[in-house]
Structures are given as structure tokens and as C-alpha cells.
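Coordinate analysis (summary)
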Amino acid sequence: MEVKRVGVIGAGTMGNGIAHVFARCGYAVVLCDVEPRFLDRGLDTIGKNLEREVVKNKITVADKESALGRIQPVTDRARLADCDFVVEAATEKFEIKTEIFRDLDRLTRAEVILASNTSSISITKLAAFTKRPDKVIGMHFFNPVPVMKLVEVIRGLATSADTFTTVRDLSIKLEKTPVEVNDAPGFVSNRVLMPLLNEAMFAVMEGVATPEAVDEVFKLGMAHPMGPLTLADFIGLDVCLDIMRVLQNGLGDTKYRPCPLLIKMVDAGWLGRKSGRGFYKY
Ligand SMILES: NC(=O)c1ccc[n+]([C@@H]2O[C@H](COP(=O)([O-])OP(=O)(O)OC[C@H]3O[C@@H](n4cnc5c(N)ncnc54)[C@H](O)[C@@H]3O)[C@@H](O)[C@H]2O)c1
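Residues numbered from 1 in each chain as written. Predicted model: local features only at pLDDT ≥ 70, side-chain atom pairs only at ≥ 80, totals over all residues. Heavy atoms only, no water.

Points about the nonpolar core
We apply this condition: The criterion is simple. A nonpolar core is a set of buried Ala, Val, Leu, Ile, Met, Phe, Trp, Tyr and Cys residues joined through side-chain atoms within 4.5 Å. Accessibility here uses a 1.4 Å probe with only protein chains present; expressed as a share of the type maximum, an area under 20% marks a residue as buried, one over 50% as exposed, and anything in between as partly exposed. Helix numbering and strand numbering both begin at the N terminus, where a helix is a DSSP run of H or I of at least 4 residues and a strand a DSSP run of E of at least 2.
Of all hydrophobic cores here, the largest spans 35 residues; its most connected members are Ile18, Phe22, Leu31, Phe85, Met139 and Phe141. With six residues, the single largest contributor to this core is helix α1 (residues 13-24). In this structure, Met194, Met244, Leu247 and Tyr280 belong to the second largest nonpolar core, which totals 25 residues.

Focus on the pairing of strand β6 (residues 136-141)
This is how it is decided: By definition, two strands form a pair when at least two bridges between them are found by DSSP.
Taken across its six residues, β6 has six buried, putting it largely inside the fold. Across three bridges, the pairing between strand β5 (residues 113-116) and β6 is parallel. Pairing of Ser116 across the sheet is with Gly138, part of β6. Pairing between β6 and strand β7 (residues 150-155): five bridges, direction antiparallel.

A look at the pairing of strand β1 (residues 5-9)
For clarity, the threshold we go by: The definition of a right-handed crossover adopted here requires that, viewed with the strands pointing away, the path from the first strand over the helix to the second runs clockwise.
Along β1, four of the five residues are buried, which leaves the element largely enclosed by surrounding structure. Of the pairings in the sheet, the one linking β1 to strand β2 (residues 28-32) comprises five bridges and is parallel in character. Bridged to Val6 within β2 is Val29. Following the backbone out of β1, through α1 and into the adjacent parallel β2, one traces a crossover that is right-handed. Sheet topology note: the β1/strand β4 (residues 85-88) ladder contains four bridges and is parallel.

Comments concerning the sheet that holds β4
Just so we agree on the cut-off: Between N-to-C directions, angles cover 0 to 180 degrees, with each direction set by a line fitted to C-alpha atoms, over the stretch in contact for helices.
Strand order in the open sheet formed by eight strands is β3-β2-β1-β4-β5-β6-β7-β8, and the pairing between neighbours is mixed. Where the open sheet ends on each side, the last strands, each with one partner, are β3 (71-74) and β8 (177-182). Strand-to-strand twist across the sheet, computed as the mean angle between neighbouring axes with direction ignored, equals 25 degrees. Note: β7 against β8, six bridges, orientation parallel. Bridging across to β8, Arg155 finds its partner in Asn182.

Here we look at a positive patch on the surface
Put simply, the test is: The patch calculation keeps residues exceeding 30% relative accessible area without a salt bridge and links them within 9 Å when they carry like charges or within 5 Å when they are nonpolar (Val, Leu, Ile, Met, Phe, Trp, Tyr). Each accessible area value is a Shrake-Rupley result obtained with a 1.4 Å probe; residue values ignore everything except the protein chains displayed when judging cover. In the sections that follow, a salt bridge refers to a side-chain nitrogen of Lys or Arg positioned within 4 Å of a carboxyl oxygen of Asp or Glu. Only four residue types enter the tally: Lys and Arg on the positive side, Asp and Glu on the negative side; His and the chain ends are excluded. To locate a charge, the coordinates of NZ of Lys, CZ of Arg, CG of Asp or CD of Glu are taken.
Residues Arg52, Lys56, Lys58 and Lys149 make up a contiguous surface patch of positive charge. Turning to its location among the elements, Lys149 is positioned in the loop between β6 and β7. For Lys149, a relative accessible area of 48% translates into the label partly exposed.

Some thoughts on the environment of Ala209
Keep this limit in mind: By definition, residues are in contact when any of their heavy atoms lie within 4.5 Å.
Tracing the sequence through the fold places Ala209 in the loop between α7 (189-205) and α8 (211-221). Among all residues touching Ala209, those that are not within four sequence positions of it are Ala203, Val204 and Val214.

Remarks on the pattern of salt bridges
Per the stated rule, a full pass over the model turns up 19 salt bridges. Of the charged contacts, one joins Lys48 and Asp44 as a salt bridge, the two residues approaching to 3.0 Å between their closest N and O atoms. One end of the pair, Lys48, and the other, Asp44, are both in helix α2 (residues 36-55), four residues apart, so they sit about a helical turn from each other. Residue Asp44 is classed as partly exposed on the basis of its relative accessible area, which comes to 40%. Where Asp105 meets Arg132, a salt bridge forms, and the shortest distance between an N and an O atom there is 2.7 Å. Here Asp105 is found in helix α4 (residues 94-107), whereas its partner Arg132 is found in the loop between α5 (123-127) and β6, with 27 residues between them in sequence. We classify Asp105 as buried; its relative accessible area is 14%.

In C-alpha cells, the structure reads:
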């Protein structure tokens, strides 16, 4: 089946980026969130990010306008019924995602592939909430989606070869580079990255160094484009905490214990860049 119409669930940081790249590459996009204000915010971000591409001469003003025109914002999930492919990028909570997958299974045609952009939740488990586990897959984009080249394509236990090939080819059409990974807590990216960010937080909590100093060590010593604490603020500290908890529960090793400072900051509502305060002030 040719994919023409794509459903994207969640218009937050990742969902609006995913809608952006699909629309820019000519796909009709139905963007779904729970409240109009989240859709307005997502569309506003897409408009600004497309404008950046215009300024950099990557696309024309006409490309920007036609991409925006291809995105249809909806709060009623039933409007995804005629989509040929759906990517879920809702909040990283197991109960939220399982409810969505169960409902998408009911709403969409049986041949439609249901992908999740989850950072850490088991694709195999999400698939088990549907009657089409062979058509459930992880399509893990990176932030900011319009810029980052990688898509981690995650095969659940039941994911079929056809489903994998379709998502791999779709990623290439979006001008991304797909990398095949098997389902395991945190996949590859977050299993390796999050413990690094968590350890950097322990170093700050224990007074080993300031956030600025930790970040300088990684920028200058390891040639990272940004330090781990800047990156954590950028990802969102609530997202980091959720992923550490998935690693801790899924892998059962104390080395995945979330840093108490991270827990405290999330409790305080310091979620990083998006809330104006994290390890830095914005
Ligand atoms: N932020 C990152 O750097 C990053 C990177 C890769 C993957 N992810 C993953 O992408 C997903 C989204 O993360 P985010 O950073 O965009 O979060 P976010 O908080 O910015 O956005 C989540 C959006 O989902 C919406 N939502 C919640 N429940 C919903 C529902 N039932 N139906 C429709 N929309 C719903 C929220 O209103 C919100 O707009 C998560 O699974 C996360 O793990 C995040």
C-alpha cells in the first residue's frame, strides 16, 4: 500500500517535528492532540521552523506554504481513520500509549502500520495491545526532527519484515538515515545516552563540578556539540526521568537509578528549556 496520508499523534516537541518532515516531503498529515491550544502551539512551531529553512535557502516560501497547507490539525482521533500510516508521539507514559494503540487498532484499516516514536517503552508490549502486532514498529526520531538525520527503526518481537522494509523506506524518503535495532529497554540510543546524562547529574548533585563545568568537559574533551546537562534540559527533564525509570524497571540493575536531583527538579516543575528552568535558566 502506498503511503499518502500520515497520522501523527501528539503535537509536542517531537510530534510537530515529525509532522513538519512528512508535510515538507509531500505527505498529507493529520496532526492530532488532545486540546486545540497544543495544536496551535505545534503549528506555530512548524511555521517558525519552516521559515528557518526558507532563510537557509533549503526550501522556498511556496514550499513552506504548501507544507503548512498539507497539515490538518484535529482533536478528534476518529479523523485518523483514513490515514495510511500513523506515528504516535504522545507523552511518554505507558497508559497513554497503550490506550492510543488499542484505539488506533480499532480506528484504522487492518493493513495500516502503527509506529511509535517512544524513547524507551517496549514496542513488543505496545504491539500486544493491538490485533496487528506484525504491523507495529518503533520509528524513533531525534530532536530537533527537521535537523537530525537518524531514525532508529525498532523491530518488536512480532514486527514483520514487510513492516520493517516499509518504515525503513519511508525514513529514507524523509531524507533520514534509518538504523535497525531490536526491541530492548531504551533501544540503543537511550540505553547508552541516558545513563551518561544521569551520571552528569550525580556529579552536579555531589558537588564534583558545576553544570557549566561538566558541560565544558564534554564539549572540549569529547567533542560533543553540547554538554550532557544542556542536552538534558533540551530533551526535557521529565522525559529523562521517565526513561531512567523504564531502564531501571526493564533492566533491573541499580546502575539505572535516577539521580535524586533529577527527581527533585521534576517535582519542582523545572523541566528544562520548555519550562524556562532546568540545569540552566532560559
Ligand atoms: N523530546 C525528545 O527529545 C524526544 C526524542 C525522541 C523521542 N521522544 C519521544 O517522543 C514522544 C513525545 O515526546 P515529546 O518530547 O514530544 O513530548 P511533549 O510533552 O513535548 O509532547 C507530547 C504531546 O502529546 C500530547 N498528548 C498526550 N496525550 C495524548 C493523547 N492521548 N492523544 C494525543 N496527544 C496526546 C500532549 O498534549 C503533548 O502535546 C515521547 O514518547 C518521547 O519519549 C522525545
